[in-house]
Amino acid sequence: HTPQVLYTYRVMAATDQKIKEKKWESVQIKAFTSWLNGYLSKRNMEITDMSTQLDDGVKLINFLELLSEKRVKQKYIEKPPTRIQKIENLHIALSFLEKEMEVRSTASAENFADNNLTLILGFFWTLFKKYRIQTIKQDG
């Protein structure tokens, strides 16, 4: 094969890989959005966009409380107007996750505030694995 043909094959393979990754990302977004909304609906809350609607920490705190069946004891701002206050709320959520739920976060408060979808999905995958396995063990 000529160098041009080999280059074309590599580009096609890379494009195919990116398409597969986007499809997998879409599946994760749908699954995790549904999982979150299953809990958040108990407080008349909902998310439609994981990458932007968790950036103030409020829905994340509510979700973690419902998932763990524990309350966040630290006071947080329900409608934080500034980035700093949003990050403070997110720190409260992640601290609760680590101390009360015994889960080490794979994402930082800033990752949520910056709408970093890849790290947010990784965060929920870690949480999902722990809590789904617990549910299966309890049910089984």
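Residues numbered from 1 in each chain as written. Predicted model: local features only at pLDDT ≥ 70, side-chain atom pairs only at ≥ 80, totals over all residues. Heavy atoms only, no water.

1. Details of the overall build of the chain
Alright, step 1. The helix and strand inventory of the chain stands at five helices and zero strands.
Alright, step 2. For the chain, the succession of helices and strands along the chain, N to C, is α-α-α-α-α.
Alright, step 3. Sorting the 140 residues of the chain into buried and exposed places 36% on the buried side.
Alright, step 4. Accessible surface for the chain amounts to roughly 9,100 Å². Of this, 54% is attributable to carbon and sulfur atoms. (Helix = DSSP H or I, 4+ residues; strand = E, 2+ residues; numbered from the N terminus. Buried < 20%, exposed > 50% of the residue type's maximum accessible area, 1.4 Å probe, protein only. Areas by Shrake-Rupley, 256 points an atom, 1.4 Å probe, with all protein chains shown as cover.)

2. Some details on the packing of helix α2 (residues 58-68) against helix α3 (residues 83-99)
Alright, step 1. Orientation of α2 relative to α3, taken along the N-to-C sense of each, is 20°, at an axis distance of 8 Å. Overall, the two elements α2 and α3 adopt an arrangement that is roughly parallel. Note on packing geometry: the crossing formed by α2 with α3 is left-handed. Across the interface between the two elements, V58, L60, I61, L64, E65 and S68 from α2 touch N89, L90, I92, A93, F96 and L97 from α3.
Alright, step 2. Per-class residue counts for the contact of α2 with α3 are nine nonpolar, two polar and one charged. (Axes fitted to C-alpha atoms, helices over the stretch in contact; angles between N-to-C directions. Parallel < 35°, antiparallel > 145°, perpendicular 65-115°, else oblique. Left-handed = near helix turned anticlockwise from the far one by under 90°. Contact = heavy atoms within 4.5 Å. Nonpolar A, V, L, I, M, F, W, Y, C, P; charged D, E, K, R; others polar.)

3. Here's the deal with the nonpolar core
The nonpolar side chains of a soluble globular protein tend to be buried, and buried together.
Alright, step 1. Counting residues in each nonpolar core, the largest one holds 35 residues, and the members touching the most others are F112, F124 and L127.
Alright, step 2. Among the secondary structure elements, those contributing two or more residues to this core are α1 (3-40), α2, α3, α4 (109-113) and α5 (117-139).
Alright, step 3. Residue contacts for F124: discarding those within four places in its chain leaves F32, W35, L36, M50, L54, L60, F63 and F112. (Core = buried A, V, L, I, M, F, W, Y, C linked by side-chain atoms within 4.5 Å.)

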